[in-house]
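Chain and residue survey
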Amino acid sequence: LTPSALRLQFVSPYAFEAMQKVDVVRLAALSDPELRLLLPCLVRMALCAPADQSQSWAQDKKLILRLLSGVEAVNSIVALLSVDFHALEQDARKEQQLRHKAGGSNGESILVSQLQHGLTLEFEHSDPLRRLRLTLSELLAIMNKVVDSNGEFFLKSSELFESPVYLEEVADVLCILQAELPSLLPIIDVAEALLHVRNGDWFLCLLVANVPDSFSEVCRGLIKNGERQDEESVGGRRRTEALRQLCQMNPSQALNIRAMVVEECHLPGLGVALTLDYKPDTADEAVSPLVSYVSGLLLGTNSKVRTWFSMFIRNGQQRKRESSSVLWQMRRQLLLELVAILPRSRSTHVPNDGDMEEGGGSGYSGLREEYVVKASALLRLYCALMGIAGLRPTDEEAEQLLQLMTSRPPATPAGVRFVSLSFCKLLAFPTLVSTPEQEQLMVMWLSWMIKEEEYFESAAGVSASFGEMLLLVAMYFHSNQLSSIIELVCSTLGMKIAIKPSSLSKMKTIFTQEIFTEQVVTAHAVRVAVTNNLSANITGFLPIHCIYQLLRSRAFTKHKVSIKDWIYRQLCETTTPIHTQLIPLIDAYINSILTPASKANPEATNQPITEQEILNVFQSSAGVRGRQRYSITTQLLILYYILSYEENLLASTKQLALMQRKPKSYSAALMDQIPIKYLVTQAQGLQQELGGLHSALLRLLATNYPHLCLVEDWVCEEEVTGTLPLLRRMMLPSNTCRYTQSQLHQAFQKLPSSSPRLMRILEHLTLLSPGDLIPYAEALTASMALLLEPAVPRRILQTLNKLWMGLNTVMPRRLWVMTVNALQPSAKLLRQQRYTQNDLMVDPLIVLRCDQRVYRCPPLMDIVLHMLNGYLLASKAYLHSHLKETADFDRQSQTVSNLGVPGQPDTPEVTREELKNALLSAQDSAAVQILLEVCLPTSEEQQLGANTESLLRSIRGPLPGKSKQGSLGPSARGSVEDTEPEGGLLSDLREVQCLICCLLHQMFIADPNIAKLVHFQGYPQALLPLTVAGIPSIHICLDFIPELLAQPQLEKQIFAIQLLSYLCTQYALPKSLSVARLAISVMGTLLTVLTRAKRFSFFMPILPCLVAFCQAFPPLYDDVAALLVQVGQVCASDVATKARDIDPLIARLQYLKEKPQGVVTPGGGSSKLTLPQRTAEELGGTDPDVQLCYCVEATFMDIISSTLHGL
């Protein structure tokens, strides 16, 4: 700008506001020079016909005319307004067309004829019309050049716009032209053109002041057409200056214009300049506008804005330091703000030791409380400028920054935050510390941090102080986890900064050698107080983060510092939602207990939590009313610790054995006192707040306590904890009658007379939640044996079963032990033999040594079977863990004692595993055999008509020959049904059989080898109809029947064929047919090799099975017939020498084989060949071969009759 332009008077904010509001009183108060600038608008306002016809405006208009009457320049403006603007516009448009055709050359002008003199002289000597033409021609020429320049900036030298004498007259002409010809001269295009002439910003302000409502439109247009980086070019700087002048004229809109700048990402210097110019009405003591603005750009979420402003900083640094540069103005202002808040007594010299002693006095005063927030904001801003925008601080800036960072704030939450930010800035930008004096200053400040940390935490009342961060960084330096330090710094500062790990080497040396040796770190960490009510809601860096890192680096064990008490105290001080660091902390702690820090020192491990401490946590757990001392979170975390500890102990037994270490396992007695299932059930309802703890507990339970994860339990829990039970409980009135345990006990003792009262009590208990039922558990189980007495209503038994299943969801292990002891036979009860949890896991079959009456009481039998299934699973887990616990230590000692003997050490390992598997198989098969035996009717039940084959009545008809084995024929069915209601024995037996078959089905599916083992052992043939019909999974026997047939014992072969006959009837599959063919082939082979006595004992029981084969698979008829004839012939040949005539029988057999249909009358009636009726005495006295021959004939007849019956 020229010196003359610098002296130009701009429109004041006062005058602009008066124009905006058309405040005549204010306008009247303006001085003549100020009023002169606004004349074009005021004259037009006075002369033009107004749209507002109100009386008030008429008065205002008179005042304006009176105001104008004394100003001489008004006459020239009135003359300008008297011109024919329509003709002027037409000439201007013709000239534009002419210029467009001529390619923009300054040829013949329609607006202005040939000029005799320069523009200025012409303007001076011209009349108003010619003045308008001259100015319009010059303005259009500039506007056309702007359009043709394609964004390249140029400065048009124009005599008309530069002459200081005529500037005001030219401005008048310009304002009148734009007002009268708005379509020809859009104000935005005129504003853009004015940037390319000298004094353009002055003309622009006058133009906008005379059209005040165009302010925002003009500014937005200038910003949109502006450069992305304004300080890079002359054009950018001119545009910024013009907009800055506009905003000084209308300061109320400055922040809106700044927002436009950020929105368009143009002219970053303008945004900063407007912020520097901005003077708020009420000063914010906390943070200055400049700090807020620049921080918002660099730390906001808009990455485009961040990149744009960072480029402004980087480019600005590359140019020489200029006082006119907006960037340097900004830096100077920031530095002034920084210096203003530094403690007054701080100077650039480093205080010596003498000064340090006076740290509490005024000689070393700290940061004032009202400046702490401002200081924190400044620190974050400088971090963003240096880390994100790449600002390189000058020596002065670096020195003052270091002075601020090492100042000592008051003990407030804001002070804690300031120290944390200062510390992280030191780590992020270690280059700020360049001289030995500065390094000494930093070390002294860090020492002060360590000393004051506890006081700050207590005085500020915050959970996360800077002490934890110091510890954490020290630990990271010791373990060389530099990336973790960088992550910590970035998260504390709240910005992503690129920090090179190599730049931290100096800080690492200071930390690890001067301030925080590893021993100091561990000793300090243990003394740090635990966080009260630790939860995920407490953010920041806490003591738990430090302890976790020290545990991972094994610092505690290395320096023999006990951390057990600290961890236990912290676990006791937890609440929901669970803090994410707790589970990793427990895992690291368990690892430090079991795994030594080094092989050289196997004793260097942490101590586990004691059993008494664990019991203290659970002593007020399930079932005790009132406020619990420890939260559910604490109990679940301790439970997780125990289960995880036991699992890890088992997993690492081999390594421990090699090191000759055997850490102590937690006793079974302790585990019995922890309500595991209750706690897991509670955790299920808190899954959202417990994070991954619930799923981790389930995984540990499934591995170590499979009996607490039974599928039927989960299904049953839905019935207990589902929506329907919840609704029933909600309907239960709060003032309902409460029954005590003693009332329940008395009602049991007075059975059967107290049945109605007992029923009422039990029905009431069904409305309680499982947790509320716990106090009644002992009374319910202790009196179970009384329910075995006759005449106890079935409803009481079923309700008790329901209550027991409810209790089973919260306290299964204790409940099972109480139930097993309560159901012992009366003889054992007299001896007061009480079983423990351990007894039942070692020998699950104790469950079945109960009172025999339980076997005919279905509701109680259901409970017994549930416990049996659970204990069989528990026994497997118990033996597996016992084997792992002892095997590796035993093998280790075996290895030591058998040195030099090849192959010896592995033998015991294999043998123990085999023995364990054999024991488990024996347990399972014994349980199955006992249960199958329970299914057999007793002698009394047989007399009453109970029948094991009744399950098959609807599936298959009566099998021929079964009457010989004591079964009931079809004729007896009516009598059985008649006897069924008597005493309910038949229905009880049938229900027990169904329950047992259900359990066996589950066991066979879980482990098919049990099915194989049981069937290789065999069981009474009378149970085959029941097992085949009642156990759906028994079809797997078809896989191993060929193997069973190949056994050398005849009994097993007989059992295989009998089992196969039932399976073929139940499952008539292609596989069954092939196995049946094999069985017939085996029978044919055995016929040729068996002795006379064995032949009789083999074929007599299995010949009736051939009837079932033919019934299931008619294609086998020929093979069966051939086999029967062959059996008959062999038997006949053995008795050929005897007096008895056997030939007619052989002839009949041959005839039956060849013409079976010949035995039927044409009417489909009875057989022509009827067997002679023989008495039992007559058959019993006959020869075995003869008996076999008659049995063969009877089998033939049964096959024929069953086949014809099927047709």
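These numbers were taken from a predicted model, which means no experiment stands behind them. (Residues numbered from 1 in each chain as written. Predicted model: local features only at pLDDT ≥ 70, side-chain atom pairs only at ≥ 80, totals over all residues. Heavy atoms only, no water.)

Structural notes on the overall build of the protein
Assigned secondary structure in the protein consists of 66 helices and zero strands. Expressed as a percentage of its 1207 residues, the buried residues of the protein come to 52%. Long-range pairs, those at least 24 residues apart, make up 74% of the contacts in the protein between residues at least 6 apart in sequence. (Helix = DSSP H or I, 4+ residues; strand = E, 2+ residues; numbered from the N terminus. Buried < 20%, exposed > 50% of the residue type's maximum accessible area, 1.4 Å probe, protein only. Contact = heavy atoms within 4.5 Å.)

A look at helix H31 (residues 543-552)
With nine of ten residues buried, H31 is to be regarded as a mostly interior element. Those residues of H31 lying buried are Pro543, Ile544, His545, Cys546, Ile547, Tyr548, Gln549, Leu550 and Leu551. The positive-phi residue at the C-terminal boundary of H31 is Arg554, with phi of around 60°.

Focus: the packing of aromatic side chains
For the coordinates displayed, the defined rule picks out twelve aromatic pairs. Over the aromatic face of Trp328 sits the side chain of Arg331, whose NZ or CZ is 4.5 Å from the ring centroid. (Phe/Tyr/Trp six-rings, centres within 6.5 Å; stacked < 30°, edge-to-face > 60°. Lys NZ or Arg CZ within 6 Å of the ring centre and 35° of its normal.)

Re the layout of surface pockets
Space inside the second largest pocket adds up to approximately 690 Å³. Lining the second largest pocket are 26 residues; nearest its centre among them are Glu646, Tyr705, Tyr878, Ser881 and Glu885. The element that contributes the greatest number of residues to the lining of the second largest pocket is helix H52 (residues 858-897), accounting for eight residues. Considering only residue class, the lining of the second largest pocket consists of ten nonpolar, ten polar and six charged. Counting the residues that make up the lining of the second largest pocket, at least three belong to each of domain 3 (532-547 + 563-621 + 629-704) and domain 4 (710-717 + 737-826 + 833-886). (1 Å grid on protein atoms, 1.4 Å probe; cavity = no way out; pocket = protein on both sides within 12 Å on 5 of 7 lines; lining within 4 Å. Points joined across faces, edges and corners; volume = space filled by probe spheres on them. Nonpolar A, V, L, I, M, F, W, Y, C, P; charged D, E, K, R; others polar. Domains from an automatic or database assignment.)

Quick notes on the side chain of Ser1072
Mapped onto the secondary structure, Ser1072 falls in helix H61 (residues 1070-1089). By relative accessible area, Ser1072 is classed as buried at 0%.

Description of unusual backbone geometry
Going from Thr576 to Pro577, the amide bond is cis rather than trans, its omega being -5°. Secondary-structure assignment places Pro577 in the loop between helix H33 (564-572) and helix H34 (582-594). Unlike most non-glycine residues, Val22 shows phi in positive territory, near 50°. Position of Val22 relative to the elements: it lies in the loop between helix H2 (13-21) and helix H3 (24-28). Taking the relative accessible area as the measure of exposure, Val22 reaches 31% and is therefore partly exposed. The backbone of Leu267 shows a phi angle near 55°, a positive value even though the residue is not glycine. In this structure Leu267 comes out as buried when scored by relative accessible area, which is 0%.

Some words on a nonpolar patch on the surface
A grouping of Phe153, Leu155 and Val234 is seen on the molecular surface, where their side chains present a nonpolar patch of about 230 Å² in accessible area. The topology assignment puts Leu155 in the loop between helix H10 (128-148) and helix H11 (159-162). (Patch = residues over 30% accessible without salt bridge, like charges linked within 9 Å, V, L, I, M, F, W, Y side chains within 5 Å. Areas by Shrake-Rupley, 256 points an atom, 1.4 Å probe, with all protein chains shown as cover. Salt bridge = Lys/Arg side-chain N within 4 Å of Asp/Glu carboxyl O.)

What to know about the pattern of salt bridges
Overall, the coordinates contain 25 salt bridges when judged by the stated rule. Close ionic contact of Arg244 with Asp277 constitutes a salt bridge, the shortest N to O distance being 2.7 Å. Taken together, the residues span a long stretch of sequence, with Arg244 in helix H16 (residues 234-249) and Asp277 in helix H18 (residues 268-277) at a distance of 33 residues. Looking at Asp277, the relative accessible area reads 26%, which means it is partly exposed. For Glu1043, the salt bridge is made with Lys1012, and the minimal N-O distance between the two is 3.0 Å. Pair noted here: Glu1043 is in helix H59 (residues 1041-1045) and Lys1012 is in helix H57 (residues 1008-1017), with a separation of 31 residues, a long-range link. We classify Glu1043 as partly exposed; its relative accessible area is 39%.

Considering the packing of helix H14 (residues 200-210) against H16
H16 packs onto H14 with a crossing angle of 40° between their chain directions and a minimal axis gap of 9 Å. Here H14 and H16 pass one another in a crossing that is right-handed. Residues Gly200, Asp201, Leu204, Cys205, Val208 and Ala209 of H14 pack against Arg238, Glu241, Ala242, Gln245, Leu246 and Met249 of H16. (Axes fitted to C-alpha atoms, helices over the stretch in contact; angles between N-to-C directions. Left-handed = near helix turned anticlockwise from the far one by under 90°.)

A few points about the environment of Leu650
The topology assignment puts Leu650 in helix H36 (residues 632-651). Separated by 231 residues in sequence, Leu650 and Ser881 have C-alpha atoms that sit 6.8 Å apart.

Let's talk about the confidence of the model for the protein
For the protein, the mean per-residue pLDDT works out to 77, and 79% of the residues sit at or above 70. A low-confidence stretch, residues 946-985 stays under pLDDT 50, and its non-local contacts, those more than four residues away or across chains, total 55 contacts. Low pLDDT, under 50, characterises residues 1175-1181; the stretch is placed with three contacts to residues that sit more than four places away or in other chains. (pLDDT = per-residue confidence, 0-100.)

A short note on the state of the cysteines
This structure, assessed with the given rule, holds zero disulfides. As a non-bridged cysteine, Cys175 has Cys41 as the owner of its nearest cysteine sulfur, 8.7 Å distant. Taking relative accessible area as the criterion, Cys175 reaches 5% and is therefore assigned buried. Cys424 forms no disulfide, and the closest cysteine sulfur to it belongs to Cys383, at a distance of 8.4 Å. (Disulfide = S-S within 2.5 Å.)

Notes on the side chain of Ser755
Relative to the helices and strands, Ser755 is located in helix H45 (residues 755-766). Given the relative accessible area of 10%, Ser755 is considered buried. The residues touching Ser755, leaving out its near neighbours within four places in the chain, are Pro793 and Ile796.

Quick word on helix H62 (residues 1092-1112)
At 3.6 residues per turn, the α-helix brings residues three or four places apart onto the same side. The end-to-end C-alpha distance of H62, which contains 21 residues, comes to 30 Å, matching closely the 30 Å that a straight helix rising 1.5 Å per residue would cover. Remark: the principal bend of H62, roughly 35°, maps to Leu1103, with a proline, Pro1104, within the next four residues. Within the sequence span of H62, burial applies to Arg1095, Phe1098, Phe1099, Ile1102, Leu1103, Pro1104, Cys1105, Leu1106, Val1107, Ala1108, Phe1109 and Cys1110. (Expected span 1.5 Å × (residues − 1). Bend = angle between axes of the 7 residues up to and from the residue.)

A word on the packing of helix H21 (residues 326-341) against helix H23 (residues 372-387)
Look at H21 against H23: their axes get within 10 Å of each other, and the N-to-C directions meet at 145°. Two packed elements cross with a definite hand, and for H21 against H23 that hand is left-handed. When H21 is examined against H23, the residues Met330, Arg331, Leu334, Leu335, Glu337, Leu338 and Ile341 are found in contact with a partner set consisting of Lys374, Ala375, Leu378, Leu381, Tyr382 and Leu385. For the contact of H21 with H23, the class distribution of residues is ten nonpolar, no polar and three charged.

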